[in-house]
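Each chain, written out:
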Amino acid sequence: MTAADLARVDADLFRSVLRRQAASVTVVTAAGDPPAGFTATSFTSVSLKPPLVSFCLGRDSSSWPTVERAGHLAVHLLAEGQEDVARVFATSGIDRFATHTGWHSGPHGVPILDGALAWLLCRPVQRIPAGDHTIVVAEPLVGRHDLDGDPLVYHAGRYAALAEEPGVNLL
């Protein structure tokens, strides 16, 4: 590879590179009037002691004002087959909670999505500005998960499921 083969990292190249990273699909929700919710693939664990997770949200997002003030929020790991949920919470300009009716009010009034593979109710402990986004670091307080099921994955601009190869067990 020569220097001529390299490209300066601009917004288009950056997006293109990041689309090659497979990520679990999450929906983050927060209580409010109206409640807020958005699809994110930036969710990750931060620490085990103490337990901390993080996600990123653009400060120009319609969900940001509610998330910025939220004392509690929920992170939902979507299950295979929940592409419709991911799409609803990724769509701008709609009432996401009227469009997707499969949810109930959980602890502290935070919307909890039905059918998620797992969810964590969290308390934000840090909000760190980073470029045009904010990194939200949160402490999980309570949660729930299914014993069976596979996550919804996002890769190369589309939703996908894990493919199992018969007879292969990596554990």
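Residues numbered from 1 in each chain as written. Predicted model: local features only at pLDDT ≥ 70, side-chain atom pairs only at ≥ 80, totals over all residues. Heavy atoms only, no water.

S.K.: Could you clarify how one ought to interpret the UniProt feature "domain: Flavin reductase like" (unreviewed entry) in the chain in this entry?
M.R.: As recorded in UniProt, the feature "domain: Flavin reductase like" (unreviewed entry) lies at residues 18-161. Across residues 18-161, helical content stands at 13% and strand content at 49%; the span's end C-alpha atoms are separated by 18 Å. (UniProt positions renumbered as here; feature names shortened; annotations may be inferred. Helix = DSSP H or I, 4+ residues; strand = E, 2+ residues; numbered from the N terminus.)

S.K.: Please clarify how unusual backbone geometry should be interpreted in this entry.
M.R.: One can expect most non-glycine residues to show negative phi and most peptide bonds to be in trans. In this structure, the amide linkage connecting Asp 33 to the following residue, Pro 34, adopts the cis form with an omega of 5°. Within the secondary structure layout, Pro 34 lies in the loop between β2 (26-30) and β3 (36-40). With a phi angle near 60°, His 108 is a residue other than glycine that sits in the positive phi range. Here His 108 shows up in the loop between β7 (103-105) and β8 (111-113).

S.K.: Would you mind showing me how to read helix α3 (residues 83-90) here?
M.R.: An α-helical turn contains 3.6 residues, so any two residues separated by three or four positions project in the same direction. Along α3, the residues classified as buried are Val 85, Ala 86, Val 88 and Phe 89. Down the axis of α3, the buried side of the element spans an arc of 165°, and every buried residue falls inside it. The inward-facing, buried residues of α3 abut β2, β3, α4 (96-99), β8, β11 (152-155) and β12 (158-161). (Buried < 20%, exposed > 50% of the residue type's maximum accessible area, 1.4 Å probe, protein only. Arc of directions from axis to C-beta. Contact = heavy atoms within 4.5 Å.)

S.K.: Explanation requested: the pattern of salt bridges in the structure shown.
M.R.: If the charged atoms of two oppositely charged side chains come close together, the side chains can form a pair. By the definition in use, this model includes two salt bridges. A salt bridge links Arg 15 to Asp 12, with the nearest nitrogen and oxygen atoms 3.6 Å apart. With Arg 15 and Asp 12 both in helix α1 (residues 11-18) and three residues apart, the pair spans about one turn of that helix. With respect to burial, Arg 15 and Asp 12 carry one shared label: exposed. With a closest N to O distance of 2.5 Å, Glu 139 and Arg 123 form a salt bridge. Residue Glu 139 is located in strand β10 (residues 133-145), and its partner Arg 123 is located in strand β9 (residues 118-130); the two are separated by 16 residues in the primary sequence. (Salt bridge = Lys/Arg side-chain N within 4 Å of Asp/Glu carboxyl O.)

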